[in-house]
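So the chains spell out like this:
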Amino acid sequence: PDQLITADGLGKPLAVQPGASYMLKLSVLESTAQQSLDVQLEVTADGLDWQVIAAFPQRLEVGHATLPLDLPADARYLRAHWRAKHWSSGATAPRFRVSLTAQIRS
């Protein structure tokens, strides 16, 4: 399902197969001018200590990006961490509608 992003935030943790290879797809379905979206991927073994392991290229407009990701052997959960910025004068909150999917690569 897609999600509306209007501020910095964290995605819901996804249980993953430790050491598996995934293909991630970030789809920006809606965006307005003069804003940016940065999305990092974080993993944890214990649900407490999260570490950044990859990032999508910065997104400025509607479009798709894919990212191959090889998980560490101790990774049990994966989540997205995003930062949304809007920089025009009289700026309103940023607004993106996004979808992030993960598939195991064979």
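Structure first, text after, so check above.
Here is what the cut-offs are and how they apply
- Residues numbered from 1 in each chain as written.
- Predicted model: local features only at pLDDT ≥ 70, side-chain atom pairs only at ≥ 80, totals over all residues.
- Heavy atoms only, no water.
- Helix = DSSP H or I, 4+ residues; strand = E, 2+ residues; numbered from the N terminus.
- Polar contact = N/O pair within 3.5 Å; in protein donor to acceptor, adjacent residues only side chain to side chain.
- Contact = heavy atoms within 4.5 Å.
- 1 Å grid on protein atoms, 1.4 Å probe; cavity = no way out; pocket = protein on both sides within 12 Å on 5 of 7 lines; lining within 4 Å.
- Points joined across faces, edges and corners; volume = space filled by probe spheres on them.
- Nonpolar A, V, L, I, M, F, W, Y, C, P; charged D, E, K, R; others polar.
- Pairing = 2+ DSSP bridges.
- Axes fitted to C-alpha atoms, helices over the stretch in contact; angles between N-to-C directions.
- Salt bridge = Lys/Arg side-chain N within 4 Å of Asp/Glu carboxyl O.
- Buried < 20%, exposed > 50% of the residue type's maximum accessible area, 1.4 Å probe, protein only.

S.K.: What exactly am I supposed to notice about the side chain of Thr44 here?
M.R.: With respect to the helices and strands, Thr44 occurs in strand 5 (residues 35-44). One polar contact links the side chain of Thr44 to the main-chain carbonyl oxygen of Asp49, over a distance of 3.0 Å. Once residues lying within four places of it in the same chain are set aside, the contact partners of Thr44 are Asp49, Trp50, Asp74, Ala75, Arg76 and Tyr77.

S.K.: I would appreciate a short explanation of the layout of surface pockets in the present structure.
M.R.: Think of a ball as big as a water molecule: rolled over the atoms, this probe shows where empty space is left. In this structure, the largest pocket encloses a volume near 470 Å³. If you trace the largest pocket, you find 20 residues lining it, with Gln3, Gly11, Lys12, Ala80 and Leu100 closest to the centre. Counting only elements with at least two residues in the lining of the largest pocket, the list comes to strand 1 (3-5), strand 4 (21-31), strand 5, strand 8 (77-86) and strand 9 (96-104). No other element matches the five residues that strand 9 contributes to the lining of the largest pocket. In the lining of the largest pocket, the residues fall into 14 nonpolar, four polar and two charged.

S.K.: It is not clear to me how the sheet that holds strand 4 should be interpreted in this structure. Could you clarify?
M.R.: Pairing between sheet strands relies on hydrogen bonds along the backbone, with the strands arranged either parallel or antiparallel. If you walk across this open sheet you meet the four strands as 1-9-4-7, and the pairing is antiparallel. In the strand order of this sheet, the two ends are held by strand 1 and strand 7 (63-70), each with one partner. On average, adjacent strands in this sheet sit at an angle of 30° to one another, irrespective of strand direction.

S.K.: I would appreciate a short explanation of the pattern of salt bridges in the present structure.
M.R.: For side chains of opposite charge, pairing can occur when their charged atoms come near one another. If you walk through the whole model with that rule in mind, you get five salt bridges. When the shortest N-O distance is used, the salt bridge between Glu30 and Arg97 registers 3.7 Å. One end of the pair, Glu30, is in strand 4; the other, Arg97, is in strand 9, with 67 residues separating them in the sequence. According to the relative accessible area criterion, Glu30 is partly exposed, its value standing at 28%. Between Asp70 and Arg105 there is a salt bridge, with its nearest N and O atoms 2.8 Å apart. Of this pair, Asp70 sits in strand 7 while Arg105 sits in the segment after strand 9; the two residues are 35 residues apart in sequence, bridging distant segments of the chain. Take Asp70: its relative accessible area is 52%, and that puts it in the exposed class. The network of salt bridges with common partners includes Asp2, Glu30, Arg95 and Arg97.

Purely geometric stuff here, so don't read any function into it on its own.
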